[in-house]
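Structural features, examined
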Amino acid sequence: QKEVEQNSGPLSVPEGAIASLNCTYSDRGSQSFFWYRQYSGKSPELIMSIYSNGDKEDGRFTAQLNKASQYVSLLIRDSQPSDSATYLCAVKRAGSYQLTFGKGTKLSVIP
Amino acid sequence: AAGVIQSPRHLIKEKRETATLKCYPIPRHDTVYWYQQGPGQDPQFLISFYEKMQSDKGSIPDRFSAQQFSDYHSELNMSSLELGDSALYFCASSFGPFVYEQYFGPGTRLTVT
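Here is a short report on the structure shown in this document.

Cut-off values and rules
- Going along each chain's sequence as written, the residues are numbered from 1 onward.
- Each chain takes a letter, starting from A, and each ligand takes a number, starting from 1, following the order in which they are written.
- Since the coordinates come from a predicted model, pLDDT governs what is reported: local features require at least 70, and pairs of side-chain atoms require 80 or more to be given and counted, while whole-chain, interface and lining totals use all residues.
- Side-chain figures throughout are based on the complete set of non-hydrogen atoms in the structure, without hydrogens or water.
- Put simply, DSSP H or I for four residues or longer makes a helix, DSSP E for two residues or longer makes a strand, and each gets a number counted from the N terminus.
- With C-alpha atoms as the basis for the radius of gyration, the globule rule is written as 2.2 Å multiplied by the number of residues raised to the power 0.38.
- Think of it in three bands: residues with accessible area under 20% of the maximum for their type are buried, residues over 50% are exposed, and the middle band is partly exposed, with areas taken using a 1.4 Å probe on protein chains only.
- In this analysis, two residues are considered to be in contact whenever any of their non-hydrogen atoms come within 4.5 Å of each other.
- For the area figures, the Shrake-Rupley method with a 1.4 Å probe applies, and any residue is considered shielded solely by the protein chains shown.
- For the purpose of charge, His is not counted, nor are the chain termini; Lys and Arg are scored as positive and Asp and Glu as negative.
- To locate a charge, take NZ of a lysine, CZ of an arginine, CG of an aspartate or CD of a glutamate.
- A 3.5 Å cut-off defines polar contacts: any pair of N or O atoms within that distance qualifies, except that in protein one atom must be a possible hydrogen donor and the other a possible acceptor, and neighbouring residues in sequence count only when both atoms are side-chain atoms.
- When two components associate, each loses some accessible surface as probed by a 1.4 Å sphere; the sum of these losses over both components is called the buried area.
- Between Lys or Arg on one side and Asp or Glu on the other, a salt bridge is scored when a side-chain nitrogen of the former is within 4 Å of a carboxyl oxygen of the latter.
- In the scheme used here, Gly and all other residues not listed as nonpolar or charged are polar, with Ala, Val, Leu, Ile, Met, Phe, Trp, Tyr, Cys and Pro taken as nonpolar and Asp, Glu, Lys and Arg as charged.
- Here is the rule: rings of Phe, Tyr and Trp (six-membered ring for Trp) pair when centre to centre is within 6.5 Å. Planes less than 30 degrees apart are stacked, more than 60 are edge-to-face, and the remainder are tilted.
- Our definition puts a charge over a ring when NZ of Lys or CZ of Arg is within 6 Å of the ring centre and also within 35 degrees of the ring normal.
- When DSSP locates at least two bridges between a pair of strands, those strands are taken to pair.
- Lines fitted to the C-alpha atoms define the axes, with helices restricted to the stretch that makes contact. Angles between their N-to-C directions range from 0 to 180 degrees.

1. Some points on the overall build of chain A
Helix and strand counts for chain A come out as zero helices and 11 strands. Starting at the N terminus and walking to the C terminus, you meet the elements of chain A as β-β-β-β-β-β-β-β-β-β-β. Since a compact globule built from 111 residues should have a radius of gyration of about 13 Å, the 13 Å found for chain A is in line with a globular shape. For chain A, the C-alpha atoms occupy an extent of roughly 45 × 30 × 20 Å along the three principal directions. Each of the 111 residues in chain A was classed as buried or not, and the buried ones make up 44%. Of the contacts formed within chain A by residues at least 6 apart in sequence, a portion of 54% connects residues at least 24 apart. If you sum the accessible surface of chain A, you get close to 5200 Å²; carbon and sulfur atoms cover 47% of it. The averaged location of the 10 negative side-chain charges in chain A is 7 Å from the averaged location of its 12 positive side-chain charges.

In structure tokens, the structure reads:
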């Protein structure tokens, strides 16, 4: 079982809708959680970071963390065609430098 | 804002050759990370450096080595290249080990023929 699990998608949503992306992790020592957006052939771009339970909002993006359930999610409100990309969930263990990524969820926003 | 700079952006090598990838972190960032991303795969951590010392090591082959220099730039040296080394190689940087956000560079696409 991979340490970080994501539905590979594709997840298709109409323009203007809310896209909901989910991620579960297996290592209870995970301390830091990140969402990256990656366009095909490009580098991962940091969208959100979250470290404590609850919600964190930044513009159209909201990250949610539930450490008890080992679950992280990303909500994208008012989805735009330019949001179409692969979204990577990444976790970092306390005391470690490395990020462990999920395989990513491919999001397609339909105009 | 300044970003992570990687060079070269594209590199074509033959089997058994060597390659050197360079990374220039965001100004004032002192921690550098290297990741490898194969086709259709997620990024895999290779190695990291904090204040010019190796700070963590992942699935880096023994044929690869890396270092961080006094100006904080880093180089990844790859020898005896194999076809399976063809991938995107990303460098990321952060401001110290206690600020956790890692910012990725544009990557170097290595093709081994």
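2. Side note on the side chain of S74(B)
Residues and elements named next belong to chain B. Residue position: S74 is located in strand β8 (residues 74–78). At 2.9 Å, the side chain of S74 forms a polar contact with the backbone oxygen of Q67. With residues near it in sequence (within four places) discarded, S74 still touches L21, K22, C23, V32, W34, F49, Q67 and Q68.

3. Observations concerning the interface of chain B and chain A
Size of an interface, as often reported, equals the accessible area lost when the parts are brought together. The interface of chain B with chain A comprises 26 residues on the first partner and 22 residues on the second. When the two sides are added together, the surface that chain B and chain A hide from each other amounts to roughly 1800 Å², 54% of it contributed by carbon and sulfur. Contact with chain A buries surface across chain B, with D42(B), Y100(B) and F104(B) losing the most and accounting together for 31% of the total. Linking chain B with chain A are one salt bridge. Between D42(B) and K103(A) there is a salt bridge, with the nearest N and O atoms lying 3.5 Å from each other. Linking chain B with chain A are 12 residue pairs in polar contact (both at pLDDT 80 or more). Elements supplying a minimum of two residues to the side of chain B that touches chain A: β4 (31–37), β5 (44–50), β6 (53–57), β9 (87–94) and β10 (103–104) of chain B. Considered class by class, the residues forming the side of chain B that touches chain A number 12 nonpolar, nine polar and five charged.

4. Looking at the packing of aromatic side chains
Two measures describe an aromatic ring pair: the distance that separates the ring centres and the angle between the ring planes. Tallied over the entire structure, the rule returns 10 aromatic pairs over all chains. The aromatic ring of F95(B) is capped on one face by R28(B), whose charged end is 5.5 Å from the ring centroid.

5. A short note on the sheet that holds strand β7 (residues 64–68) of chain B
Residue and element names in this part refer to chain B. Read from one edge to the other, the open sheet built from four strands follows the order β1-β3-β8-β7, with strand pairing classed as antiparallel. The open sheet has two free edges, formed respectively by β1 (5–7) and β7, since each of these has just one partner strand. Each strand axis lies, on average, 15° off the axis of its neighbour in the sheet, ignoring direction. Of the pairings in the sheet, the one linking β7 to β8 comprises five bridges and is antiparallel in character. When the sheet's bridge partners are listed, A66 is paired in β8 with L76.

6. Brief notes about the sheet that holds strand β6 (residues 54–58) of chain A
Adjacent strands of a sheet form backbone hydrogen bonds with each other and so pair up, either parallel or antiparallel. Residue and element names in this part refer to chain A. Ordered in space as β1-β3-β8-β7-β6, the five strands form an open sheet in which the pairing is antiparallel. Across the chains shown, the open sheet's two edge strands, defined by having one partner strand only, are β1 (4–5) and β6. Looking at chain direction, strand β3 (residues 19–25) and strand β8 (residues 71–76) are connected through six bridges and run antiparallel. When the sheet's bridge partners are listed, T24 is paired in β8 with Y71.

7. Concerning unusual backbone geometry
Of note, the bond from G9(A) into P10(A) is cis; its omega dihedral lies within 30 degrees of zero at 10°. Here P10(A) is to be found in the loop between β1 and β2 (11–14). Residue P8(B) is bonded to the preceding S7(B) through a cis peptide linkage, with omega at -10°. Residue placement: P8(B) occurs in the loop between β1 and β2 (10–13). If you check the backbone angles, K52(B) has positive phi at about 70° while not being a glycine. Along the chain, K52(B) falls in the loop between β5 and β6.

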